[in-house]
Structures are given as structure tokens and as C-alpha cells.
Amino acid sequence: KSHEELLLPSTPCRAKTNVMFLKTHKTASSTVLNVMFRFAERYNLTVALPADQLFHLGYPNTFKAHFVEEFEVIGQNYNIMCNHLRFNPSEVQKVMAANTFYFSILRNPIPLLESSYVYYKNSVPAFRLSKDVNEYLESPLRYYHQMEYKQNIYARNIMWFDFGYDNNAEDDKKYVQAVLKEIEQNFHLILIAEYFDESMILLKHTLCWDLDDVAYFKLNSRSQDTVQTLTPESEERIKAWCSLDWKLYLHFNQSFWRRIEETIGLKLLEEEVNRLRTRQKELMEICLSEQEAVGRSHIKNKALLPFQSGAANILGYNLNQDLDNRTLRTCQRMVMPELQYMSYLYAVQHPHKKRKQSGFPLLWTGFQEK
């Protein structure tokens, strides 16, 4: 036998079903969450959902196991965990099995900060006080006050904070190296939002999932007219103001490409990304009446309206009419905004609990299988 043949695995791998995704803010993580929820439904997996009326796992408080619904009963037998939480490995390990796969996603802090600014404009004191993102960045400390740090987390090093670290820490070389090392020990894979399709292919390979498991429609994105243009000075200022996030991003952007070269190789990566994009186009033609996301005022079925925040116009989708039941359900799942999807899974998984009061004009029962 040739050398190549001996390296081929004789048995195809089995899909990993114990997976923890640390959902970071404004990093395309809502799209990843949808991928996770659909996978959970496909394999009938148990999801660690927020307890009671909460829509996140205790965020921005550091995560504790009791933030998960029925943790006392279910214990360590959850398969999937992917709602917003502030990472705390010892408590997450109480909820997730020992063989759990941990991953997260990062985004370039420059577009990230602009996105945060627009999305959290009304709720973050540092953003509220400034007229636009460039004015904020000219002198952040004029608007950003240490004592309001809980309300201002989105205004500085938000990814660092989501991973459980102090987003106002001194940018000290030794400290940063120690944190990066710890993240590498806690997470098996860190994806990069700028290379989302490549990230999905790497995830698919690593977890042994199918193409359709990682096919997606972009969720929770906003209309172009709500994007603020950063000046070149502002871009440089973000690197200094969010230097912890900047170093985090640079480090894991490098390890991302290294991982691809070691596991898939760039040639196969390109082929697979093209397959994914082709499949995506097919699904869009099957599912969507317009071939793209539409603004909030154009979403016909209000049950599919995404949560709106700040000055952002969060886009959603309209489904084709006359889809057969099975196709309709597949398409509904792909476009279902995260709060609706979470409330739906909660109702299915915890039928005896009071429904999540999401304030949406909809009856969840409409989504459930008849």
C-alpha cells in the first residue's frame, strides 16, 4: 500500500455531541448559536439553557452552574452549552461532561467596537454620553468611568471580559502571555469571525459534523445605513484602547491559520468553502422569498422578527410560501432569531416550567410539531 492509503482512517469518525461554545458579543456568535441549536435538535441533545426568565446564563456575572435550568436534576448530563455567559471553567465543568469540546469565536476589535457602539448606544453610559464612535475614541476616558464598569463592559476589551478576565487590566506582557496560555488550555478551538466560512469548515472537520450542520444564514446582522465609518485615527486608537482584545485577536488569528494548515490544508479548505457557499445558495433559494436579509420593517411574520437594539436595524428573513412541512421546519430553524429559538427549546425541554416571557407578539406553539 502507498503511504497515503495507510494514513486514511479505516472507520469514519463519529460526530462529537458534547460541545461548549463560549458565545462572545458582536462576533457573529448568534449565527454560531443557531448552528448549535439546530445540531442539538437533530441529535435530540440536552441544552444547558438559562434558568427561569433569564435569556442568558447569568451574564455579565461570572458563570455559576445554578444559572442553568434544572442543573440540580440534570447535573453533568448536558450535551450542548452555547448561550451568553462569562466564562468560569470550574463552574462550566460542573455542567458539562469531561469529554466536552470547547470552542469560541473572536472578531477584529476594530469593527467589533464600532458594532458594539451602535448596538449598545442606549445602554452603555460611555457610548450614551458621546455623539458618535469617533468622538468616543478621541478621548475614551472622558466618557468611560471605572466605577460604572459593569455597564461599560461593551466599551472596552469585551472579548477579554467574556473569557472571564478583567477588561480594565494593565496591558502587561507577562499577564497577557499567561492569559493566552490559559485560554489555549481551556479551549480546543478558537474561530475567527472575519473568516466565518473557513471557521465553519474547520469546526465541521474537528467535530466530524456534516456540511448541513454548519450551513447557515447570517443572523443578527444590521443594515449598512446604521454602520458608522471609523476614521484611520480611530482605528489606531482602538488598538491602544482595546489592546488586550487586540493581542487576543492577533494571537488566535495566527493559531487559526496554523490549525488549518496542519489539519485540512488550504487547497481542501478552499474546495470545502466553495461547497458550503453553493449549499447556502441552494438553501436560500429553497427557503427565502428574497435572496437576502431584510430590514425589520419588511419582516412579514412578526414571529421571526429579531430583537432590536440601540441604533441598529437588525435584519431578518421572509420565508417562501407553500413549503412542505418538513422543508418549512428546516427553513424556520435556519432563520429563527436566537431569543425565539431559545424560548422554543426551553418550552420543549422544560414543558412544566413557566414559558420565557420574551415580550414577542407570538405563540410558541405555532412552531411546535403538530
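Residues numbered from 1 in each chain as written. Predicted model: local features only at pLDDT ≥ 70, side-chain atom pairs only at ≥ 80, totals over all residues. Heavy atoms only, no water.

Looking at an unreviewed UniProt entry, one finds the protein named G3ST2 sulfotransferase and attributed to Ceuthmochares aereus. For the record of the protein, the UniProt heading Subcellular location (unreviewed entry) holds the text "Golgi apparatus membrane". (UniProt positions renumbered as here; feature names shortened; annotations may be inferred.)

**A few points about the overall build of the protein**
Tallying secondary structure elements over the protein gives 17 helices and four strands in all. In terms of C-alpha radius of gyration, the protein reaches 21 Å, essentially the compact-globule figure of 21 Å for 370 residues. Here the protein, with 370 residues, has 55% of them falling under the buried criterion. Once local pairs closer than 6 in sequence are excluded, the contacts in the protein between residues at least 24 apart make up 71%. Of the roughly 17700 Å² of accessible surface on the protein, 50% is carried by carbon and sulfur atoms. In the protein, which carries 44 positive and 44 negative side-chain charges, the distance between the mean positions of the two groups comes to 4 Å. (Helix = DSSP H or I, 4+ residues; strand = E, 2+ residues; numbered from the N terminus. Rg over C-alpha atoms; globule rule 2.2 N^0.38 Å. Buried < 20%, exposed > 50% of the residue type's maximum accessible area, 1.4 Å probe, protein only. Contact = heavy atoms within 4.5 Å. Areas by Shrake-Rupley, 256 points an atom, 1.4 Å probe, with all protein chains shown as cover. Lys, Arg positive; Asp, Glu negative; His and termini not counted. Charge placed at Lys NZ, Arg CZ, Asp CG, Glu CD.)

**Quick look at the state of the cysteines**
Throughout the structure, instances matching the rule amount to two disulfides. Linked covalently through their sulfurs, Cys287 and Cys331 form a disulfide whose S-S length is 2.0 Å. Given an S-S torsion of about -75°, the disulfide between Cys287 and Cys331 has left-handed geometry. Pair noted here: Cys287 is in helix 15 (residues 266–287) and Cys331 is in helix 16 (residues 325–335), with a separation of 44 residues, a long-range link. For the pair Cys287 and Cys331, one class covers both residues: buried. Across the protein, the way the bonded cysteines pair up, counted in sequence order, is 1-2, 3-4. This cysteine, Cys82, is not joined by any disulfide, and Cys208 carries the nearest cysteine sulfur, 20 Å off. Cys82 sits in the buried class, given a relative accessible area of 0%. (Disulfide = S-S within 2.5 Å.)

**Looking at helix 2 (residues 29–42)**
The end-to-end C-alpha separation of helix 2 is 20 Å, in line with the 20 Å expected for 14 residues at 1.5 Å each. The buried fraction of helix 2 is high, at 12 of 14 residues. Within helix 2 the residues assigned to the buried category are Ser29, Ser30, Thr31, Val32, Leu33, Asn34, Val35, Met36, Phe37, Arg38, Phe39 and Ala40. Asn44 sits one or two residues past helix 2 and shows a positive phi near 55°. (Expected span 1.5 Å × (residues − 1).)

**Quick look at the packing of helix 11 (residues 196–207) against helix 15**
Running from amino to carboxyl end, helix 11 crosses helix 15 at an angle of 105°, the nearest separation of the two axes being 9 Å. For the element pair helix 11 / helix 15, the angle class is roughly perpendicular. Counting all contacts with helix 11, which are made through Asp197, Glu198, Met200, Ile201, Lys204 and His205, the residues of helix 15 involved are Leu268, Leu269, Glu272, Val273, Leu276, Arg277 and Gln280. Tallied by class, the residues present in the contact of helix 11 with helix 15 amount to six nonpolar, two polar and five charged. (Axes fitted to C-alpha atoms, helices over the stretch in contact; angles between N-to-C directions. Parallel < 35°, antiparallel > 145°, perpendicular 65-115°, else oblique. Nonpolar A, V, L, I, M, F, W, Y, C, P; charged D, E, K, R; others polar.)

**What to know about unusual backbone geometry**
In this structure, Pro60 follows Tyr59 across a cis peptide bond, with omega equal to 5°. Summarising the element assignment, Pro60 is placed in the loop between helix 2 and helix 3 (71–74). Even without being a glycine, Asn44 presents a positive backbone phi close to 55°. Take Asn44: it is sitting in the loop between helix 2 and helix 3. Taking the relative accessible area as the measure of exposure, Asn44 reaches 70% and is therefore exposed. Backbone geometry at Cys208 places phi at a positive 65°, although glycine is not the residue there. One can find Cys208 in the loop between helix 11 and helix 12 (211–214).

**Observations concerning the nonpolar core**
Grouped together as the largest cluster of nonpolar side chains are 119 residues, with contacts concentrated most on Met81, Val95, Phe103, Tyr136 and Met200. Setting aside residues up to four positions removed in sequence, Met200 forms contacts with Val32, Val35, Leu191, Val214, Tyr216 and Leu276. (Core = buried A, V, L, I, M, F, W, Y, C linked by side-chain atoms within 4.5 Å.)

**Quick word on the environment of Asp197**
Tracing the backbone shows Asp197 in helix 11. Taking the C-alpha atoms as reference points, Asp197 and Gly75, 122 residues apart in sequence, are found 34 Å from one another. When near neighbours in sequence (up to four residues on either side) are disregarded, Asp197 contacts Tyr216, Val273, Leu276, Arg277 and Gln280.

**Side note on the pairing of strand 1 (residues 19–22)**
Side chains Val19 and Phe21 project from strand 1 onto one buried face, and the interleaved Met20 and Leu22 project onto a second face that is buried too. With two bridges joining them, strand 1 and strand 2 (residues 80–81) adopt parallel strand pairing. Bridge assignment links Val19 to a residue of strand 2, and that residue is Ile80. As paired strands, strand 1 and strand 3 (residues 101–106) are joined by four bridges and run parallel to one another. Following the sheet pairing, Met20 is matched in strand 3 by Tyr102. (Pairing = 2+ DSSP bridges.)

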